[in-house]
Amino acid sequence: MDATHASHPTPGTPGSPALPATPAAPETPATPRIVVGGALVRGGRVLAARRSAPESVAGRWEFPGGKAEPGETEEQALERELLEELGVRARALTRLPGAWAVRPGLELRFWAAELLAGEPRALEDHDALRWLGPDELDTVDWIDHDRDVLPHVARLLTGTRAEA
């Protein structure tokens, strides 16, 4: 072997120069953070809450709820959020059909819930509450994503099932 070959070892062998880095594979999108909304039902009526903030949705109505914390199930998140926002104990029952991208990285899912204890009060993020029957669901100005789930809420209130 001559001196030229001895001073330039083959890449990948001990003492050889490092190989150039290969471009990293594109990152896969992270799992979205879940936001839960609760269709809190009592006596054939569902609770609607009027937003007080942020300005973009203030004055519009929604099903109360919020973001799930890391390690929390959707059910746990909804029950915690209803306690924080309304001061009530509730139990998440079943997830309603559908999911909505609120913004990149946030996915909204709705759950039916039953009131266990307490009388709902507008404690956080809301300035008014109303119990609505199935025929009253269109009497308030719903936030768009919440409006989309109204047919499922109406079926929940009337006890009818969706057609297959």
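What counts and what doesn't
- Residues numbered from 1 in each chain as written.
- Predicted model: local features only at pLDDT ≥ 70, side-chain atom pairs only at ≥ 80, totals over all residues.
- Heavy atoms only, no water.
- Helix = DSSP H or I, 4+ residues; strand = E, 2+ residues; numbered from the N terminus.
- Buried < 20%, exposed > 50% of the residue type's maximum accessible area, 1.4 Å probe, protein only.
- Contact = heavy atoms within 4.5 Å.
- Areas by Shrake-Rupley, 256 points an atom, 1.4 Å probe, with all protein chains shown as cover.
- 1 Å grid on protein atoms, 1.4 Å probe; cavity = no way out; pocket = protein on both sides within 12 Å on 5 of 7 lines; lining within 4 Å.
- Points joined across faces, edges and corners; volume = space filled by probe spheres on them.
- Nonpolar A, V, L, I, M, F, W, Y, C, P; charged D, E, K, R; others polar.
- Expected span 1.5 Å × (residues − 1).
- Arc of directions from axis to C-beta.
- Salt bridge = Lys/Arg side-chain N within 4 Å of Asp/Glu carboxyl O.
- Pairing = 2+ DSSP bridges.

1. Description of the overall build of the chain
For step 1, the next point in the chain: Regarding its fold elements, the chain presents four helices and eight strands.
For step 2, the next point in the chain: Start at the N end of the chain and walk to the C end: the helices and strands fall as α-β-β-β-β-α-β-β-β-β-α-α.
For step 3, the next point in the chain: Burial analysis of the chain (164 residues in total) assigns 35% to the buried set.
For step 4, the next point in the chain: If you take every contact in the chain between residues at least 6 apart in sequence, the share linking residues at least 24 apart comes to 65%.
For step 5, the next point in the chain: Accessible surface, the chain: about 10000 Å² in total, of which carbon and sulfur atoms supply 53%.

2. Some points on the layout of surface pockets
For step 1, the next point in the chain: Considered as a void within the structure, the largest pocket measures approximately 570 Å³ in volume.
For step 2, the next point in the chain: Looking at the largest pocket, it is lined by 26 residues, and the ones nearest its centre are V35, R51, E62, V102 and I143.
For step 3, the next point in the chain: Where the lining of the largest pocket is concerned, the elements lending two or more residues are β1 (33-42), β4 (65-67), α2 (74-86), β6 (100-103), β7 (106-117) and α3 (144-148).
For step 4, the next point in the chain: The residue makeup of the lining of the largest pocket, split by class, is eleven nonpolar, five polar and ten charged.

3. Some points on α2
For step 1, the next point in the chain: The end-to-end C-alpha distance of α2, which contains 13 residues, comes to 18 Å, matching closely the 18 Å that a straight helix rising 1.5 Å per residue would cover.
For step 2, the next point in the chain: Where α2 is concerned, the buried positions are E74, A77, L78, E81, L82, E85 and L86. Down the axis of α2, the smallest arc covering the buried residues is 130 degrees, so these residues share one side.
For step 3, the next point in the chain: Against the buried residues of α2 lie β1, β2 (45-51), β4, β5 (89-95), β7 and β8 (126-132).
For step 4, the next point in the chain: Positive backbone phi, at 75 degrees, marks G87, one or two positions downstream of α2.

4. Focus on the pattern of salt bridges
For step 1, the next point in the chain: Using the criterion set out here, one finds 14 salt bridges in the structure.
For step 2, the next point in the chain: For D141, the salt bridge identified is with R60, shortest N-O distance 3.4 Å. Of this pair, D141 sits in the loop between β8 and α3 while R60 sits in the loop between β2 and β3 (61-62), and the two are 81 residues apart along the sequence.
For step 3, the next point in the chain: Of the charged contacts in the structure, one is a salt bridge between R60 and D144, with a shortest N-O distance of 3.2 Å. Here R60 is found in the loop between β2 and β3, whereas its partner D144 is found in helix α3, with 84 residues between them in sequence.
For step 4, the next point in the chain: Beyond isolated ion pairs, a larger network of salt bridges with shared partners links R60, D141, D144 and R147.

5. Section: the pairing of β1
Side chains on a regular strand alternate between the two faces of the sheet.
For step 1, the next point in the chain: Most of β1 is tucked away: seven of the ten residues are buried.
For step 2, the next point in the chain: Relative to β7, β1 runs parallel, the two sharing nine bridges. Residue pairing for β7: V41 is matched across the bridge by E114.
For step 3, the next point in the chain: Of the pairings in the sheet, the one linking β1 to β4 comprises three bridges and is antiparallel in character. By the bridge assignment, V35 is partnered in β4 with K67.
For step 4, the next point in the chain: By the bridge criterion, two bridges tie β1 to β2 in an arrangement that is antiparallel. Considered in β2, the bridge of R42 is made with R45.
For step 5, the next point in the chain: Where β1 hands over to β2, the hairpin turn is made up of two residues, of which G43 adopts a positive phi near 55 degrees.

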